[in-house]
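Survey of secondary and tertiary structure
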Amino acid sequence: MTIDINTLLTALYVKIDDWLGKAPRIGRPPKLTEAELLTLAVAQALLGIRSEARWLLFLPRHLPGAFPYGLSQVIASGV
């Protein structure tokens, strides 16, 4: 059985999202949830990518469509 990166990240996201639970939020929903952010951080560490710039280049190439917006926009806006 071959497990690709999409399957790994999906399983990781589900585990993290279940672990975090639902936090009550007031106001506009974030563009990137806490579970998504933690999943990205853990995936970056697991894949051994130390550079933030390389990580931002890696994501669209290897995970196209994983996010409905560009992560560079999210990071630039400070969300």
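As the structure is a prediction and not an experimental result, all values here were calculated from the model.

This part takes up the overall build of the protein. In terms of regular secondary structure, the protein is built from four helices and zero strands. The order of α-helices and β-strands along the protein, N terminus first, is α-α-α-α. Looking at the 79 residues of the protein, the share that counts as buried comes to 20%. Long-range contacts, defined as pairs at least 24 residues apart, comprise 46% of the intrachain contacts of the protein with a sequence gap of at least 6. Carbon together with sulfur atoms contributes 60% to the accessible area of the protein, which is approximately 6,300 Å² in total.

Before going further, it helps to examine the layout of surface pockets. Considered as a void within the structure, the largest pocket measures approximately 360 Å³ in volume. As for the largest pocket, its lining consists of 15 residues, of which Arg25, Pro30, Thr33, Glu34 and Ala35 are closest to the centre. A breakdown of the residues in the lining of the largest pocket according to their chemical character gives nine nonpolar, two polar and four charged.

So, on to helix α3 (residues 52-62). By the burial criterion, the buried members of α3 are Trp55, Phe58 and Leu59. For α3, the angular spread of the buried residues around the axis is 100°, confining them to a single face. In α3, those exposed residues whose orientation departs by more than 90 degrees from the buried face are Ala53, Arg54, Leu57, Pro60 and Arg61. Two or three places before Ala53, at the opening of α3, Ser51 has a side-chain oxygen 3.3 Å from that residue's backbone nitrogen.

Our next topic: the side chain of Gln44. Looking at the element boundaries, Gln44 is found in helix α2 (residues 34-46). Ignoring any residue separated from it by four or fewer positions in sequence, one finds Gln44 in contact with Ile49, Arg50, Ser51, Glu52 and Trp55.

Nonpolar side chains collect at one region of the surface, where Leu8, Val42, Leu46 and Leu47 lie side by side and expose about 330 Å² of accessible area between them. Secondary-structure assignment places Val42 in helix α2.

Turning our eyes to something else, we now look at helix α1 (residues 5-20). Compared with an ideal rise of 1.5 Å per residue, which puts 16 residues at 22 Å, α1 spans 22 Å between its outermost C-alpha atoms and is within 8% of the ideal. Looking at the buried residues of α1, the elements they touch are α2. Two residues or fewer past α1, Gly21 is found with a positive phi of approximately 75°.

The rules behind these values
Residues numbered from 1 in each chain as written. Predicted model: local features only at pLDDT ≥ 70, side-chain atom pairs only at ≥ 80, totals over all residues. Heavy atoms only, no water. Helix = DSSP H or I, 4+ residues; strand = E, 2+ residues; numbered from the N terminus. Buried < 20%, exposed > 50% of the residue type's maximum accessible area, 1.4 Å probe, protein only. Contact = heavy atoms within 4.5 Å. Areas by Shrake-Rupley, 256 points an atom, 1.4 Å probe, with all protein chains shown as cover. 1 Å grid on protein atoms, 1.4 Å probe; cavity = no way out; pocket = protein on both sides within 12 Å on 5 of 7 lines; lining within 4 Å. Points joined across faces, edges and corners; volume = space filled by probe spheres on them. Nonpolar A, V, L, I, M, F, W, Y, C, P; charged D, E, K, R; others polar. Arc of directions from axis to C-beta. Polar contact = N/O pair within 3.5 Å; in protein donor to acceptor, adjacent residues only side chain to side chain. Patch = residues over 30% accessible without salt bridge, like charges linked within 9 Å, V, L, I, M, F, W, Y side chains within 5 Å. Salt bridge = Lys/Arg side-chain N within 4 Å of Asp/Glu carboxyl O. Expected span 1.5 Å × (residues − 1).

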